[in-house]
Number of protein chains: 2
Amino acid sequence: MRLEAQWIVGFVDGEGCFHVGIARDPDMRTGYQVLPEFTVVQHERDAQVLHALKAYFGCGVVRRNHGDRMAYRVRDRRHLLERIVPFFMKHPLKTRKRVEFQKFRRVLLKMEQGAHLTEEGLEEIRRITSQLQGMRSDQSR
Amino acid sequence: MRLEAQWIVGFVDGEGCFHVGIARDPDMRTGYQVLPEFTVVQHERDAQVLHALKAYFGCGVVRRNHGDRMAYRVRDRRHLLERIVPFFMKHPLKTRKRVEFQKFRRVLLKMEQGAHLTEEGLEEIRRITSQLQGMRSDQSR
């Protein structure tokens, strides 16, 4: 299955998720680890679409999510910065998910500057991330 | 907002619904009315995307669905047959929603032959429609 860029934009406008997790991690100086991830979840019947996304971006994994759901997931920060972010900069999302993506990108750029390694930077990332989560709970049906 | 065909395919692969309702109607010879409809539901924040779909297809309406949800909806059989169906024949869906669309199209073509006006034809439409509904409840998260 070959995908076109605009199909991917439309599909991600509907089904994609730009998430930033913040997890306790005593090994980190701040006590927390920042975990950005891009995911697309589908019924297992449509796993081939997820594999086609993986092939298109040349990164990420396709794994079982929960129950009969599969997920395409990109967590590697280099892959997010060099493949996922440039794609959606070149091909903008059309729904409000564009705002979610922009915040996600801001967190990644902050991390490039090492912001997640300082208390102050982590606080800023938390602020951006809480806006992200606010948007999503708003969107849930 | 201008939409490209492939964006629409991707978005409908994620968010679209091809539904055939069968409702009691004592005015019909069979006692039932067959109501095919194509819908895309979004948070009201993304109503502009629904209006862009309406502009693209040149048919249908954008209405409140329930709560903070809006829906783009096409129910007119001529519009479904002459605008929606040809679009998705030319630009095939990539997920299993393609199968849902094909059954939806079969019902519309049966109706063109007047099948919904006879007991026998209505039974056949019921069979196709129950498969459709089976697929969807399967897909719900």
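A few words on the interface of chain B and chain A. Across the contact, 29 residues belong to chain B and 29 residues belong to chain A. Roughly 2500 Å² of surface becomes buried between chain B and chain A when both sides are summed, with 47% attributable to carbon and sulfur atoms. Inspection of the chain B/chain A interface yields zero salt bridges. At the level of secondary structure, the elements contributing two or more residues to the side of chain B that touches chain A comprise helix H1 (5–15), strand E2 (32–43), helix H2 (47–57) and helix H5 (119–139) of chain B. In terms of residues, the side of chain B that touches chain A owes the most to one element, H1 of chain B, which gives eight residues.

A separate point is the relation of the copies chain B and chain A. Each copy superposes on the other: chain B lies on chain A with an RMSD of 0.0 Å after a rotation of 180° and an axial shift of 0.0 Å. The transformation relating the two chain copies, once decomposed into turn and shift, fits a two-fold axis. A share of 100% of interface residues in chain B that are also interface residues in chain A marks the association as one of identical surfaces.

What holds strands together in a sheet is hydrogen bonding between their backbones, with the strands either parallel or antiparallel. All names here are of chain B. Spatially, four strands are ordered E1-E2-E4-E3 in an open sheet, and the strand pairing comes out antiparallel. Of all strands in the sheet, those with a lone pairing partner are strand E1 (16–24) and strand E3 (61–64), marking the two edges. Each adjacent strand pair in this sheet contributes to an overall mean axis angle of 35°, direction not counted. Summarising the sheet, E2 and strand E4 (residues 69–74) pair through six bridges and their orientation is antiparallel.

Let us look at the pairing of E3 of chain B. All names here are of chain B. As judged from the four bridges shared by E3 and E4, these two strands associate in the antiparallel manner. Across the sheet, residue Val 62 finds its bridge partner in E4, namely Tyr 72. The hairpin turn running from E3 into E4, its antiparallel successor, is four residues long, and Gly 67 in that turn takes a positive phi close to 60°.

All names here are of chain A. Topologically, Ala 55 is positioned in helix H2 (residues 47–57). Here Ala 55 falls in the exposed class, since its relative accessible area comes to 61%. Each C-alpha atom of the pair Ala 55 and Pro 26 lies 36 Å from the other, and the pair is 29 residues apart in sequence.

Turning our eyes to something else, we now look at the confidence of the model for chain A. For chain A, mean pLDDT is 93; residues scoring 70 or higher make up 94% of the total. In the predicted complex, the global pTM is 0.91; the interface-specific ipTM is 0.89.

This next bit is on the sheet that holds strand E2 (residues 32–43) of chain A. Residue and element names in this part refer to chain A. Across the sheet, four strands lie side by side as E1-E2-E4-E3; this open sheet has antiparallel pairing. One side of each edge strand has no neighbouring strand; the edge strands of this open sheet are strand E1 (16–24) and strand E3 (61–64). Neighbour to neighbour, the strand axes of the sheet diverge by 35° on average, direction disregarded. The strands that helix H1 (residues 5–15) touches are E1 and E2; relative to E2, the one it contacts most, it runs at about 110°.

Before going further, it helps to spend a moment on the side chain of Thr 30 of chain B. Residue and element names in this part refer to chain B. Following the sequence through the fold, Thr 30 ends up in the loop between E1 and E2. A polar contact is formed between the side chain of Thr 30 and the backbone oxygen of Tyr 32, at a distance of 3.2 Å. Setting aside residues no more than four positions away along its own chain, Thr 30 makes contact with His 116, Leu 117, Thr 118, Glu 119 and Leu 122.

Note on pairing: side chains with opposite charge can pair once their charged atoms come close. All told, the structure shown has 18 salt bridges over all chains when counted by the stated rule. The closest approach of N and O atoms between Glu 124 of chain A and Lys 110 of chain A, which form a salt bridge, is 3.2 Å. Within this pair, whereas Glu 124 of chain A is found in helix H5 (residues 119–139), its partner Lys 110 of chain A is found in helix H4 (residues 97–112), the two being separated by 14 residues in sequence. Relative accessible area serves as the criterion here: at 26%, Glu 124 of chain A is assigned to the partly exposed category. Glu 44 of chain B serves as the salt-bridge partner of Arg 64 of chain B, at 2.9 Å between the closest nitrogen and oxygen. Of this pair, Arg 64 of chain B sits in strand E3 while Glu 44 of chain B sits in the loop between E2 and H2, and the two are 20 residues apart along the sequence. Among the ionic contacts, a cluster of salt bridges with common partners joins Arg 77, Arg 78, Glu 82 and Glu 112 of chain A.

Residues and elements named next belong to chain B. For helix H3 (residues 77–90), spanning 14 residues, the distance from its first C-alpha to its last is 19 Å, which sits close to the expected 20 Å at 1.5 Å a residue. The sharpest bend along H3 comes to roughly 30°, located at Ile 84, with the proline Pro 86 sitting one to four residues further on. Within the sequence span of H3, burial applies to Leu 80, Leu 81, Ile 84, Val 85, Phe 87 and Phe 88. Buried residues along H3 sit against H1, E1, E2, H2, E4 and helix H4 (97–112).

Before going further, it helps to examine the packing of aromatic side chains. The way to describe two aromatic rings as a pair is by their centre distance and the angle between their planes. All names here are of chain B. If you walk through the whole model with that rule in mind, you get 28 aromatic pairs over all chains. Measuring from ring centre to ring centre gives 6.4 Å for Phe 38 and Phe 57, while their planes differ by 85°; the resulting arrangement is edge-to-face. With a gap of 19 residues between them, Phe 38 in strand E2 and Phe 57 in helix H2 connect regions that are remote in the sequence. With respect to burial, Phe 38 and Phe 57 carry one shared label: buried. Ring geometry for Phe 38 versus Phe 88: centroids 5.8 Å apart, planes at 65°, classification edge-to-face. Here Phe 88 lies in helix H3 and Phe 38 lies in strand E2, a separation of 50 residues in the sequence.

Cut-offs applied
- Residues numbered from 1 in each chain as written.
- Chains lettered and ligands numbered in written order.
- Predicted model: local features only at pLDDT ≥ 70, side-chain atom pairs only at ≥ 80, totals over all residues.
- Heavy atoms only, no water.
- Contact = heavy atoms within 4.5 Å.
- Buried area = accessible area lost by both parts, 1.4 Å probe.
- Salt bridge = Lys/Arg side-chain N within 4 Å of Asp/Glu carboxyl O.
- Helix = DSSP H or I, 4+ residues; strand = E, 2+ residues; numbered from the N terminus.
- Least-squares fit on C-alpha atoms with pLDDT ≥ 70 in both.
- Pairing = 2+ DSSP bridges.
- Axes fitted to C-alpha atoms, helices over the stretch in contact; angles between N-to-C directions.
- Buried < 20%, exposed > 50% of the residue type's maximum accessible area, 1.4 Å probe, protein only.
- pLDDT = per-residue confidence, 0-100.
- Polar contact = N/O pair within 3.5 Å; in protein donor to acceptor, adjacent residues only side chain to side chain.
- Expected span 1.5 Å × (residues − 1).
- Bend = angle between axes of the 7 residues up to and from the residue.
- Phe/Tyr/Trp six-rings, centres within 6.5 Å; stacked < 30°, edge-to-face > 60°.

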